[in-house]
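Okay, here's what each chain looks like letter by letter:
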Amino acid sequence: MKKAASLLRVLLPSWRFFERAGQVPQLAYRLLPSDPAPGAWIPCPAPVSRSWRHLVLNPRGNRNLAFHGLVERLMMDLNEWEDDRLNEFSSSVSYALVTEMVKFHLRRDSGLKEGRFQFKIFVADEDVLLSEEHALP
Amino acid sequence: MTASFTLLWICKWVSLAALLQTLEFFFMRPAFQESGVWRWSLIRRDFISWPRWIRSPLDLLLGDRGFDAVLGARFLAAAGLLFLPRLSPLLLLILLFSTLLICVRWRGPFNGGSDSMTVLLLLVLGVVSWNPGDPVWARAALWYIALQTCFSFLIAGLVKIRHASWRNGEALQGILRLPTYEIPPAARRLADFPRFCRASSWALLLFECSFPLALLHPLSAVFYLCAAVAFQLANFYVFGLNRFVWAWLAAYPAVLWCSGGI
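Residues numbered from 1 in each chain as written. Chains lettered and ligands numbered in written order. Predicted model: local features only at pLDDT ≥ 70, side-chain atom pairs only at ≥ 80, totals over all residues.

Across its full length, chain A carries three helices and five strands. Reading chain A from its N end, one meets helices and strands in the order α-β-β-α-α-β-β-β. With respect to the three principal axes, the spread of C-alpha positions in chain A is 50 × 50 × 30 Å. The proportion of buried residues among the 137 residues of chain A is 24%. In chain A, 49% of the contacts between residues at least 6 apart in sequence involve partners at least 24 apart. (Helix = DSSP H or I, 4+ residues; strand = E, 2+ residues; numbered from the N terminus. Buried ≥ 20, exposed ≤ 12 C-beta atoms within 10 Å, placed from the backbone. Contact = placed C-beta atoms within 7 Å.)

Structure follows, in structure tokens:
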């Protein structure tokens, strides 16, 4: 039902733009090299610059907005996930999509083909989700 | 300006919006193919409990090759409507159906309100296109679009004005500091001026809440629509929301046509 409801949002607009301006969840990842110290946390997605030509076509900007939407959806799903099944959360579609998003950035922005990484989601300065270790490819 | 001519203009604008959206999707292709992020083999798990007669066509249309075909058809339909001198029910149906498929592919609206406005306009134009030349349908369609456009501002204003944080400017300061929208440094610095944020918040709240006054007279419509275009250009500069500009521009001829009609 929730999936159908999210699809119906496009047919039944609420027009409640920017009703609240609270803190938003953010994503960061770090590489896990073989030496003991993990890398620094890197914000994801990397910001893109904007100019007036993007008024006509703004594919990277809109892609980044959609990436942020993935993180927000992951947090919504996490909040609704049953407490006694939390260990299964990494099998959810939202978790898998965010994992793929980090891989996408590592491949395209860092040019990495293999390696291990971890991501976290934080709100303000508080970590709310620390992922398992994942591997490229 | 006759009702049917106004509807034709709306059709041209929404087709242009759809054409630009589709081009953006083509540029974004690596992100939604099987080697990217929004891979269908992953997203289809959301629909695993749905009946097979829905899942099979979705698999066909939303896999890599099928989705390329959907976007190609959407591009051609938008280009066709841009140049045709009339509303084509078939091309409008293709645009509407492909827009809904895009929303399925992204598990909801891809770009929030701009998708909703695009769908709303396509739905209304699609209905009218089956009754060409009927002035009652044409007038009803224009009034529906004009009222929804007014609601889009009025509701956005009413839900904000209830919150003290919007009335004292703190909400705007918070939004300007959000990392989500990649706000330019010059705009981000405005968050350091609380008086400016408070004044801007009130200007925005008054503008949004009073937007229905645009329908009272053609001059007030021109004033509010110019302000609305400026507001959406500012939204693009600050938040990068380019799709909103084009989707709402498509609806404004209806507001202009209906102004003075009360």
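To continue, consider unusual backbone geometry. With omega at 0°, the peptide bond leading from A:Cys44 into A:Pro45 counts as cis. The phi torsion at A:Trp15 lies on the positive side, around 60°, for a residue other than glycine. As for its position among the elements, A:Trp15 is in the loop between helix 1 (2–8) and strand 1 (25–31). Here A:Trp15 falls in the buried class, since 21 other C-beta atoms lie within 10 Å of it. At B:Arg107, a residue that is not glycine, the phi angle is positive and equals roughly 60°. Its place among the elements puts B:Arg107 in the loop between helix 6 (89–105) and helix 7 (113–129). We classify B:Arg107 as buried; it has 20 C-beta atoms within 10 Å.

Residue-level contacts link 48 residues of chain B with 38 residues of chain A. Those elements giving two or more residues to the side of chain B that touches chain A turn out to be helix 1 (3–27), helix 3 (40–43), helix 6, helix 7, helix 8 (135–161), helix 10 (170–176) and helix 14 (242–258) of chain B. Considered class by class, the residues forming the side of chain B that touches chain A number 27 nonpolar, twelve polar and nine charged. (Nonpolar A, V, L, I, M, F, W, Y, C, P; charged D, E, K, R; others polar.)

Turning next to the nonpolar core. If you look at the biggest cluster of nonpolar residues, it comprises 65 residues, and the most contacted ones within it are B:Leu7, B:Ile10, B:Leu121, B:Leu125, B:Leu142 and B:Val255. Looking at this core, the elements with two or more residues in it are helix 1, helix 5 (64–83), helix 6, helix 7, helix 8, helix 10, helix 13 (218–239) and helix 14 of chain B. No fewer than three residues from each of domain 1 (1–133) and domain 2 (138–262) of chain B sit in this core. In contact with B:Leu7, not counting residues within four places along its chain, are B:Leu87, B:Leu125, B:Val128, B:Ala138, B:Ala141 and B:Leu142. Counting residues in each nonpolar core, the second largest holds 27 residues, with A:Cys44, A:Phe67, A:Val102 and B:Ile43 among its members. (Core = buried A, V, L, I, M, F, W, Y, C linked by C-beta atoms within 7 Å. Domains from an automatic or database assignment.)

Let us now look at the domain arrangement of chain B. Residues and elements named next belong to chain B. Domains assigned within chain B are domain 1 (1–133) and domain 2 (138–262). Facing the 23 residues of domain 1 at the interface are 18 residues of domain 2. Broken down by secondary-structure element, the contributors of at least two residues to the side of domain 1 that touches domain 2 are helix 1 and helix 7. Among the elements that line the side of domain 1 that touches domain 2, the one with the most residues is helix 1, at twelve residues. Looking at the side of domain 1 that touches domain 2 residue by residue, the classes come out as 16 nonpolar, seven polar and no charged.

To continue, consider the confidence of the model for chain B. A residue-level look at chain B finds 99% of positions with pLDDT of 70 or above and a mean pLDDT of 94. Here the predicted complex carries an ipTM of 0.91, next to a pTM of 0.92. (pLDDT = per-residue confidence, 0-100.)

This paragraph deals with the pairing of strand 1 of chain A. Looking along a regular strand, one sees side chains alternate from face to face of the sheet. Residue and element names in this part refer to chain A. Relative to strand 3 (residues 115–123), strand 1 runs antiparallel, the two being bridged by seven bridges. Looking across to strand 3, one finds that Ala-28 is bridged to Lys-120. Direction of pairing for strand 1 relative to strand 2 (residues 42–44): antiparallel, over a ladder of three bridges. Across the sheet, residue Tyr-29 finds its bridge partner in strand 2, namely Ile-42. (Pairing = 2+ DSSP bridges.)

Residue and element names in this part refer to chain A. Strand direction decides the pairing type here: strand 3 and strand 5 (residues 134–136), joined by three bridges, are antiparallel. Opposite Phe-117, over in strand 5, you have His-134 as the bridge partner. Note that strand 3 and strand 4 (residues 126–130) share four bridges and pair antiparallel. Directly across from Phe-122, in strand 4, lies its bridge partner Asp-127. Counted between consecutive antiparallel strands, the loop separating strand 3 from strand 4 contains two residues, among which Ala-124 sits at a positive phi close to 55°.

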